[in-house]
Amino acid sequence: LSKATMTDGFPIADTSSRRFTAATVAGTVQFAGLVIDKSATCYRLEFSAEGLADAESDAFDILAGPVRQLLIIKEPAGAVPGQVLKVQPLIHLSDWGRNPVPYLRDQVQVTLTPGNLTANNSQALQVYGNTLRQATDGVIAFTDLMLYHAGDGFSLLFLRFVGGMLPISSAPLDIQVGVAYR
């Protein structure tokens, strides 16, 4: 056998398939660098070689590993003072393969890293809304975060509430003053 293709057993086509090539030595092939880092069920390895019938492995599952990192899957965006962010952040508590860890119910807290204020008001310089959320299967969806100050270079800092890993900071947010409505 000279090639192996990694495919996912789901009905949806696997767009991450890669081919690996290895030489046959005494009728045996070893594939170096074959890594599957996405958790899923029903993975199969497909083998093909010129002049031989194709072969397929039995189905196997890849499970998410232990939680190792916080990942920002959806960056916060669309900040206008006094309004909820138009794009609310989506955070994963993930293993090294960037897979959310199932059954994980840890909490993640968000705080504000101030930037350069361009307008001030009487509100405290902080994130408003539900700033402490509990994960469902390693996924944290914030829904009501808002800021009250205008400026640039602000960012949101996400921290696993029980600790054990480094916090992660969002991309810079520029907060523009909204249109007056009174």
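Remember, it's a predicted structure, so these values are computed and weren't measured experimentally. (Residues numbered from 1 in each chain as written. Predicted model: local features only at pLDDT ≥ 70, side-chain atom pairs only at ≥ 80, totals over all residues. Heavy atoms only, no water.)

**What about the overall build of the protein chain?**
Along its length, the protein chain carries zero helices and 14 strands. Helices and strands appear in the protein chain in the N-to-C order β-β-β-β-β-β-β-β-β-β-β-β-β-β. Looking at the 182 residues of the protein chain, the share that counts as buried comes to 32%. Long-range contacts, defined as pairs at least 24 residues apart, comprise 60% of the intrachain contacts of the protein chain with a sequence gap of at least 6. When the accessible surface of the protein chain is split by element, carbon and sulfur atoms take 55% of a total near 10,900 Å². (Helix = DSSP H or I, 4+ residues; strand = E, 2+ residues; numbered from the N terminus. Buried < 20%, exposed > 50% of the residue type's maximum accessible area, 1.4 Å probe, protein only. Contact = heavy atoms within 4.5 Å. Areas by Shrake-Rupley, 256 points an atom, 1.4 Å probe, with all protein chains shown as cover.)

**Let's talk about the nonpolar core**
By size, the foremost hydrophobic cluster in this structure holds 24 residues, and its most contacted members are Leu93, Phe142, Leu156 and Phe158. Elements with a minimum of two residues in this core: strand 6 (69–74), strand 7 (90–94), strand 8 (107–113), strand 12 (150–160) and strand 14 (173–175). Filtering out sequence-adjacent residues up to four positions away, Phe158 remains in contact with Leu70, Ile72, Pro89, Ile91, Val108, Gln109, Val110, Phe142, Pro167, Ile168 and Ser170. (Core = buried A, V, L, I, M, F, W, Y, C linked by side-chain atoms within 4.5 Å.)

**Brief notes about the side chain of Asn99**
Positionally, Asn99 belongs in the loop between strand 7 and strand 8. At 2.9 Å, the side chain of Asn99 forms a polar contact with the backbone nitrogen of Ser39. In this view, Asn99 contacts Asp37, Lys38, Ser39, Ala64, Leu93 and Ser94; residues no more than four positions away in its chain are not counted. (Polar contact = N/O pair within 3.5 Å; in protein donor to acceptor, adjacent residues only side chain to side chain.)

**A short note on the packing of aromatic side chains**
Counted according to the given criterion, the structure contains three aromatic pairs. For the pair Tyr128 and Tyr148, a centre-to-centre distance of 4.8 Å together with 85 degrees between the ring planes defines the contact as edge-to-face. In this pair, Tyr128 sits in the loop between strand 9 (116–119) and strand 10 (132–134) while Tyr148 sits in the loop between strand 11 (139–141) and strand 12, placing the two residues 20 residues apart along the sequence. (Phe/Tyr/Trp six-rings, centres within 6.5 Å; stacked < 30°, edge-to-face > 60°.)

**Comments concerning the confidence of the model for the protein chain**
Across the protein chain, the average pLDDT comes to 82, with 86% of residues at or above 70. Counted against residues more than four places away or in other chains, residues 1–16, with its pLDDT under 50, gives 55 contacts. (pLDDT = per-residue confidence, 0-100.)

**What about the sheet that holds strand 7?**
Strand pairing in a sheet takes place through backbone hydrogen bonds and is either antiparallel or parallel in direction. With antiparallel pairing, three strands are arranged side by side in an open sheet as 6-7-11. In this open sheet, the two edge strands, each paired with only one partner strand, are strand 6 and strand 11. Neighbour-to-neighbour, the strand axes of this sheet turn through a mean angle of 25 degrees, independent of strand direction. Taken together, the five bridges between strand 6 and strand 7 define a ladder with antiparallel strand orientation. Paired with Gln69 across the bridge in strand 7 is Ser94. (Pairing = 2+ DSSP bridges. Axes fitted to C-alpha atoms, helices over the stretch in contact; angles between N-to-C directions.)

**Observations regarding the environment of Arg105**
Of note, Arg105 is situated in the loop between strand 7 and strand 8. For the pair formed by Arg105 and Ala135, sequence separation is 30 residues and the distance between their alpha carbons is 4.5 Å. Leaving out residues up to four positions away in the same chain, Arg105 has contacts with Gln134, Ala135 and Thr136. A distance of 3.4 Å separates the side chain of Arg105 from the backbone oxygen of Ala135, its partner in a polar contact.

**Digging into the environment of Gly65**
By the element assignment, Gly65 lies in the loop between strand 5 (60–62) and strand 6. For Gly65, a relative accessible area of 25% translates into the label partly exposed. Residues Gly65 and Pro100, 35 residues apart in the sequence, show an inter-C-alpha distance of 9.0 Å. Those residues within four positions of Gly65 in sequence are excluded, and the remaining contacts are Asp95 and Val101.

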